[in-house]
Amino acid sequence: EVFYQDIPNSKTYKISTDGKLSTLAIDAKKASGTSFGPDGKRYVAAGGTNQIISYDANEKETMVADNIAGNDLVVAKNGNIYVTVPDGTQNPSKIYLIRPNGEKKLVDEGLKFANGITLTPDQTQLYITESASHWVWIYKIEPDGTLSYKQCYGWLHSPDNADNAWPDGLRCDTAGRVYVTSRLGIQILDQLGRVNAILPSPGGQISNCCFGGANFDTLYISCVDKVYRRKLKVRGANTFEAPVKPAKPRL
């Protein structure tokens, strides 16, 4: 199943594996980022209340963390949650780690509008998009969940009339490719950070993407007020599943 948010109207929609659309009878609290945890719960960054909230299979709501104006988040297999907290394009963004016991820890700051966030397929590193630039950044995840070795990972293309690529949501497949939403469309990077292909936008800024379908081989994207899907010959890497080690990158 795929979940996505209508932020202005604070609604949550669900697309089942057979393609049927339904609206959940909950107040989405202007949520933006969504990620499933190893416990089967759906975690969201609720912008309307500045909270991280989880929902179980019956949509029972639990507050995970408070006083955090999150934009996007990802939940690792070990239960650690990483959250991007931007503050405009001029002020430094913050990245928080929320441990399974509820402890909240600042693990990085400085990016210009930190936005999308996901883990590498083996969950040893973390990707974050810097929207007010052309860059996707990468961090090493230390055993205690903190971040180190921050560096630029991939440079993204942009339209001729734009100052930045405005990368937003991103996901990985099990082969280690990274799918990044941007002004131009979905830019697909290899493990070395090189853009190998661009799937053009169907019309407007693409804000997020995820893999869904019965075999997680269908790419779903949110584009302005529409959601599109495209069948691919790859499988998405789910952060709630056991980590997988892709083959070593080739030149």
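What this report covers is the structure whose coordinates are included nearby.

Procedures and definitions
- Residues numbered from 1 in each chain as written.
- Predicted model: local features only at pLDDT ≥ 70, side-chain atom pairs only at ≥ 80, totals over all residues.
- Heavy atoms only, no water.
- Helix = DSSP H or I, 4+ residues; strand = E, 2+ residues; numbered from the N terminus.
- Rg over C-alpha atoms; globule rule 2.2 N^0.38 Å.
- Contact = heavy atoms within 4.5 Å.
- Areas by Shrake-Rupley, 256 points an atom, 1.4 Å probe, with all protein chains shown as cover.
- Pairing = 2+ DSSP bridges.
- Axes fitted to C-alpha atoms, helices over the stretch in contact; angles between N-to-C directions.
- Buried < 20%, exposed > 50% of the residue type's maximum accessible area, 1.4 Å probe, protein only.
- Core = buried A, V, L, I, M, F, W, Y, C linked by side-chain atoms within 4.5 Å.
- Polar contact = N/O pair within 3.5 Å; in protein donor to acceptor, adjacent residues only side chain to side chain.
- Salt bridge = Lys/Arg side-chain N within 4 Å of Asp/Glu carboxyl O.
- Phe/Tyr/Trp six-rings, centres within 6.5 Å; stacked < 30°, edge-to-face > 60°.
- Lys NZ or Arg CZ within 6 Å of the ring centre and 35° of its normal.

### Some remarks on the overall build of the chain
In step 1: Within the chain, the secondary structure is distributed over 0 helices and 22 strands.
In step 2: By the compact-globule yardstick of 18 Å for 251 residues, the chain fits well, its C-alpha radius of gyration being 17 Å.
In step 3: By its C-alpha atoms, the chain is 45 × 40 × 35 Å across when sized along the principal axes.
In step 4: Here the contacts in the chain between residues at least 6 apart in sequence split such that 40% fall between residues at least 24 apart.
In step 5: Split by element, the accessible area of the chain, about 12,000 Å² in all, is 49% carbon and sulfur.

### Overview of the sheet that holds strand β4 (residues 31-36)
Hydrogen bonds between backbone groups are what pair the strands of a sheet, and the pairing can be parallel or antiparallel.
In step 1: Taken together, the 4 strands give an open sheet; going across it, the order is β4-β5-β6-β7, and neighbouring strands pair in antiparallel fashion. Of all the strands in the sheet, just β4 and β7 (61-66) have a single pairing partner and so form its edges. Strand-to-strand twist of the sheet, defined as the mean angle between neighbouring strand axes without regard to direction, takes the value 25°.
In step 2: Relative to strand β5 (residues 42-46), β4 is paired through 4 bridges, and the arrangement is antiparallel. Residue pairing across strands places phenylalanine 36 opposite arginine 42, the latter belonging to β5.

### Observations concerning the environment of aspartate 27
In step 1: Position of aspartate 27 relative to the elements: it lies in the loop between β3 (21-23) and β4.
In step 2: Of the residues examined, aspartate 27 reaches a relative accessible area of 45% and is grouped as partly exposed.
In step 3: Note: C-alpha distance between aspartate 27 and threonine 218 (191 residues apart in sequence) is 28 Å.
In step 4: Contact partners of aspartate 27, with chain neighbours within four places excluded, come to Ser10 and Tyr55.

### A look at the nonpolar core
In step 1: In this structure, Tyr82, Leu126, Ile128, Tyr139 and Leu147 are the most contacted members of the largest nonpolar core, which totals 16 residues.
In step 2: Residue assignment for this core shows that the elements contributing at least two residues are β10 (92-98), β11 (104-112), β12 (114-119), β13 (125-130) and β14 (135-141).

### Structural notes on the sheet that holds strand β17 (residues 178-181)
In step 1: As summarised here, the arrangement of the 4 strands in space is β16-β17-β18-β19, forming an open sheet in which the pairing is antiparallel. A single partner strand is all that each edge strand has here, and the edge strands are β16 (170-172) and β19 (195-200). Direction aside, the axes of adjacent strands within the sheet are offset by 20° on average.
In step 2: By the bridge criterion, 4 bridges tie β17 to strand β18 (residues 185-189) in an arrangement that is antiparallel. The residue bridging valine 180 from the neighbouring strand is glutamine 187, located in β18.

### Observations regarding the side chain of lysine 29
In step 1: Along the chain, the position of lysine 29 falls in the loop between β3 and β4.
In step 2: Within the structure, the side chain of lysine 29 is placed 2.9 Å from the side chain of glutamate 61, a separation counted as a polar contact.

### Topic: the pattern of salt bridges
In step 1: Enumeration according to the criterion identifies 11 salt bridges in this entry.
In step 2: Note that arginine 42 and glutamate 59 form a salt bridge whose closest N and O atoms lie 3.0 Å from each other. Taken together, the residues span a long stretch of sequence, with arginine 42 in strand β5 and glutamate 59 in the loop between β6 (51-55) and β7 at a distance of 17 residues.

### Digging into unusual backbone geometry
In step 1: Phi is positive for glutamate 59, which is not a glycine, with a value near 65°.
In step 2: Of note in the backbone geometry, tryptophan 166 takes a positive phi value of approximately 45° without being a glycine.
In step 3: Its location among the elements puts tryptophan 166 in the loop between β15 (147-155) and β16.

### A word on the packing of aromatic side chains
Both the distance between ring centres and the angle between the ring planes are used here to describe each pair of aromatic rings.
In step 1: For the structure shown, the criterion picks out 5 aromatic pairs.
In step 2: Consider the rings of tyrosine 127 and tyrosine 153, whose centres lie 4.8 Å apart with planes at 45°: the pair is tilted. Residue tyrosine 127 is found in strand β13, and its partner tyrosine 153 is found in strand β15; the two are separated by 26 residues along the sequence. Summarising the burial analysis for this pair, tyrosine 127 and tyrosine 153 share the class buried.
In step 3: Every member of this aromatic cluster is reached through a ring pair, and the members are Phe36, Phe216 and Phe240.
In step 4: Cation over ring: lysine 104 sits above tyrosine 96, and NZ or CZ is 5.8 Å from the ring centre.

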